[in-house]
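Reading the structure
Here is what each chain is made of, one letter per residue.
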Amino acid sequence: MNDGSLNGGRAILVVAFGTTYRETRRANIDAVIERYKEAYPDYEVRFAFTSETIRRTLRERDGEYVDNTASALERLAADGCSQVIIQPLHIIPGREYKKIWQAVRLYSGRFASIKVGRPLLYFFAGEDTPDDYLAAAEALRDQLPETAADEVMLLMAHGSADPANACYIALQRVFTECGLNQVLVACVEGYPSLDDVLPVIARSGWRRVCLMPFMLVAGDHANNDMAGDEEDAWRSVLTAQGYEVRIVMQGLGQNPAVQQIYLQHTGDALADKYARYFDTELTPQEDAR
Ligand code: CO
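Residues numbered from 1 in each chain as written. Predicted model: local features only at pLDDT ≥ 70, side-chain atom pairs only at ≥ 80, totals over all residues. Heavy atoms only, no water.

This next bit is on the sheet that holds strand 6 (residues 183-187). Read from one edge to the other, the open sheet built from four strands follows the order 6-5-7-8, with strand pairing classed as parallel. In this open sheet, the two edge strands, each paired with only one partner strand, are strand 6 and strand 8 (244-247). Geometrically, the sheet is characterised by an average inter-axis angle of 25° between neighbouring strands, direction not taken into account. In the sheet, strand 7 (residues 208-213) pairs with strand 8 via four bridges, with the strands oriented parallel. The residue bridging Cys210 from the neighbouring strand is Arg246, located in strand 8. Contacting strand 5 (151-157) and strand 6, helix 7 (residues 194-204) crosses the sheet at an angle of about 155° to strand 6. (Pairing = 2+ DSSP bridges. Helix = DSSP H or I, 4+ residues; strand = E, 2+ residues; numbered from the N terminus. Axes fitted to C-alpha atoms, helices over the stretch in contact; angles between N-to-C directions. Contact = heavy atoms within 4.5 Å.)

Set out below in structure tokens:
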């Protein structure tokens, strides 16, 4: 066991989808990692990206090697880590989050303890579960610019073919419930699409649209699909329909309140809070027969 170099064998692995945009990576991913280093000085803090495309681009363009979850776990085990907490910086428990669990299942035997924090949107308020949606909505409220009476905030979420895409429908509902009445969410690769929300915007009488990504980073989708010059970029589509459009080019990762949520989710995992809801991920259940 290599206790000296690895903080008593304890590590936190922060896992994001990743981005190839350097500036937004600094502002949104590195910033979160820094928060973890401050909050957990006794832990080895490492990071990984789940996007293989992004890992390849970084390798080919910059010669930078970035771990995925499996390779990060492999290295942690080799370096003598015995207790690891993984914190996904993903928004929903969709495909990328499930990839993390695949790696965890593969490597769980190599560690005395391995725990996984939940993504931004996971639990609804229940008898013994926290309200992750309200927490996310309140954190977002901190980051939203002032909007005029005739202006709507249109958030670009990623979206997924995974059923977890329904998280965004729930989030929209929570926005309404907590008074964020001028905030709409639509997905670049999921439901609802921009086309789905255009009639809603038209019916509501808004004349101006403020676009912001509802993603960890303001990377490729934000710069191209949202704010790009292509005809089908959201800015172009909305401008062509007569809306006055402005852009907030920020990711959620730079929002201190969002950073705090991830830290909270890590703390919950560390304390085994809500652990029974995650047990099925690792342990075959009796009643699964
Ligand atoms: Co994408």
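Picking up after the structure, the text goes on.
Right, let's talk about the sheet that holds strand 2 (residues 44-49) for a bit. Within the open sheet, the four strands sit side by side as 2-1-3-4. Their pairing is parallel. In the strand order of this sheet, the two ends are held by strand 2 and strand 4 (113-116), each with one partner. The sheet shows a mean angle of 20° between the axes of neighbouring strands, direction not considered. One ladder, built from six bridges, connects strand 1 (residues 10-16) with strand 3 (residues 83-88); its direction is parallel. Counted as the bridge partner of Ala11 is Val84 from strand 3. In the packing of helix 1 (residues 22-39) onto the sheet, contacts are made with strand 1, strand 2 and strand 3, and the angle to strand 2 comes to roughly 150°. Sheet strands in contact with helix 3 (residues 69-78) are strand 1, strand 2, strand 3 and strand 4, and its direction is about 165° off that of strand 1.

Empty space among the atoms can be located by rolling a probe the size of a water molecule over them. Roughly 780 Å³ of internal volume is contained in the largest pocket. Lining the largest pocket we find 32 residues, and of these Phe17, Glu96, His158, Met215 and His221 sit closest to its centre. Mapped onto the lining of the largest pocket, the elements with two or more residues apiece are helix 2 (52-62), helix 4 (95-107) and helix 8 (220-226). Here the lining of the largest pocket is composed, by residue class, of 16 nonpolar, twelve polar and four charged. (1 Å grid on protein atoms, 1.4 Å probe; cavity = no way out; pocket = protein on both sides within 12 Å on 5 of 7 lines; lining within 4 Å. Points joined across faces, edges and corners; volume = space filled by probe spheres on them. Nonpolar A, V, L, I, M, F, W, Y, C, P; charged D, E, K, R; others polar.)

Here we come to helix 4. In a regular helix each residue adds 1.5 Å, so 13 residues correspond to 18 Å; helix 4 covers 19 Å between its end C-alpha atoms and thus fits that length. Of all the residues in helix 4, the buried ones are Tyr97, Ile100, Trp101, Ala103, Val104 and Tyr107. The buried residues of helix 4 occupy one face: seen down the axis, they fall within an arc of 160°. In helix 4, the exposed residues that point more than 90 degrees away from the buried face are Arg95, Gln102 and Leu106. (Expected span 1.5 Å × (residues − 1). Buried < 20%, exposed > 50% of the residue type's maximum accessible area, 1.4 Å probe, protein only. Arc of directions from axis to C-beta.)

Another aspect to go through is the side chain of Arg118. Here Arg118 lies in the loop between strand 4 and helix 5 (132-143). With a relative accessible area of 3%, Arg118 lands in the buried category.

Summarising burial for strand 3: five of the six residues are buried, a large majority. Relative to strand 4, strand 3 runs parallel, the two being bridged by four bridges. Within strand 4, the residue paired with Gln83 across the bridge is Ser113.

That is the geometry; function is a separate question.
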